[in-house]
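# Structure at a glance
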Amino acid sequence: MTSPADLSIRLRRAAFNRALAEADLAAIGPLLAPNVVLVTGTDSAVISGRKAQLQAWKREFAARPRMVYARLPETVVASPVEPVALEHGKWHGTSSAGGEVLASGDYSAKWRLAGECWVIEAEIFVTLA
């Protein structure tokens, strides 16, 4: 049985993937907590804050050819005692030029219920291939 939190987070993740595919910065912003933290998969660079992450995505979107990233959730576990949830899954980056997968791995994301919407507070990626 899928919980309301599980369904909502999976829908928000699908919206994030669409925004990445369409290079839509305006759609990414509302999915991120103001103090969001992202740890990259290869060099473990830390991107701290919504503004910094949007700037990083803007640079990514300007590259030619660019990488198109997707996150594919496998599990979402909502806390029964706090308004937080953990998402775990696989990610991959494909070339916008040819569609071949150039990098992939695992990720985990911490989500927080902010009002009526789930937002990403933290993500950590590991490059495995």
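Okay, so let's go over this structure. (Residues numbered from 1 in each chain as written. Predicted model: local features only at pLDDT ≥ 70, side-chain atom pairs only at ≥ 80, totals over all residues. Heavy atoms only, no water.)

Okay, the overall build of the protein next. Of the regular secondary structure elements, the protein holds three helices and six strands. Listed by position from the N terminus, the elements making up the protein come as α-α-β-β-α-β-β-β-β. Expected size for 129 residues packed as a compact globule is a radius of gyration near 14 Å; at 14 Å, the protein falls within 12% of this value. Relative to its full complement of 129 residues, the protein shows a buried share of 41%. Expressed as a percentage of contacts within the protein between residues at least 6 apart in sequence, the contacts between residues at least 24 apart total 49%. Summed over all atoms, the accessible surface of the protein reaches about 7000 Å², with 61% contributed by carbon and sulfur. Taking the 14 positively charged and 13 negatively charged side chains of the protein as two groups, their mean positions are separated by 6 Å. (Helix = DSSP H or I, 4+ residues; strand = E, 2+ residues; numbered from the N terminus. Rg over C-alpha atoms; globule rule 2.2 N^0.38 Å. Buried < 20%, exposed > 50% of the residue type's maximum accessible area, 1.4 Å probe, protein only. Contact = heavy atoms within 4.5 Å. Areas by Shrake-Rupley, 256 points an atom, 1.4 Å probe, with all protein chains shown as cover. Lys, Arg positive; Asp, Glu negative; His and termini not counted. Charge placed at Lys NZ, Arg CZ, Asp CG, Glu CD.)

Before going further, it helps to examine the environment of Gly115. Here Gly115 is to be found in the loop between β5 (101-114) and β6 (117-127). C-alpha separation for the pair Gly115 and Pro83, spaced 32 residues apart in sequence, amounts to 9.9 Å.

Counting 26 residues, the largest nonpolar core has Phe16, Leu20, Ile28, Trp57 and Trp111 as the members making the most contacts within it. Residue assignment for this core shows that the elements contributing at least two residues are α1 (4-21), β1 (32-39), α3 (50-62), β3 (67-78), β4 (84-95), β5 and β6. Here the element with the most residues in this core is α1; it accounts for five residues. Sequence-distant contacts of Ile28, defined by excluding residues within four places in its chain, comprise Phe16, Ala19, Leu20, Leu54, Trp57 and Phe61. (Core = buried A, V, L, I, M, F, W, Y, C linked by side-chain atoms within 4.5 Å.)

Let us look at the packing of aromatic side chains. Counted by the stated rule, this structure contains six aromatic pairs. Measuring from ring centre to ring centre gives 6.1 Å for Tyr69 and Trp91, while their planes differ by 45°; the resulting arrangement is tilted. A residue pair is termed long-range when its members are at least 10 positions apart, and Tyr69 in strand β3 and Trp91 in strand β4 qualify at 22 residues. Owing to a relative accessible area of 7%, Trp91 belongs among the buried residues under this scheme. Here the aromatic rings of Trp91 and Phe125 are separated by 6.2 Å at their centres, their planes lie at 85°, and the arrangement is edge-to-face. Placement of Trp91 in strand β4 and of Phe125 in strand β6 is noted, with a sequence separation of 34 residues between them. For the pair formed by Trp91 and Phe125, the shared burial category is buried. (Phe/Tyr/Trp six-rings, centres within 6.5 Å; stacked < 30°, edge-to-face > 60°.)

Scanning the entire structure with this criterion turns up seven salt bridges. A salt bridge links Arg71 to Glu123; the nearest nitrogen and oxygen atoms lie 3.8 Å apart. Of this pair, Arg71 sits in strand β3 while Glu123 sits in strand β6, and the two are 52 residues apart along the sequence. For the residue pair Arg71 and Glu123, the accessibility class agrees, reading buried in each case. The partner of Lys110 in a salt bridge is Glu121, with the nearest N and O atoms 3.3 Å apart. Pair noted here: Lys110 is in strand β5 and Glu121 is in strand β6, with a separation of eleven residues, a long-range link. With relative accessibility at 16%, the residue Glu121 sits in the buried group. Overlapping salt bridges bring together Arg13, Arg71, Glu87 and Glu123 as one network. (Salt bridge = Lys/Arg side-chain N within 4 Å of Asp/Glu carboxyl O.)

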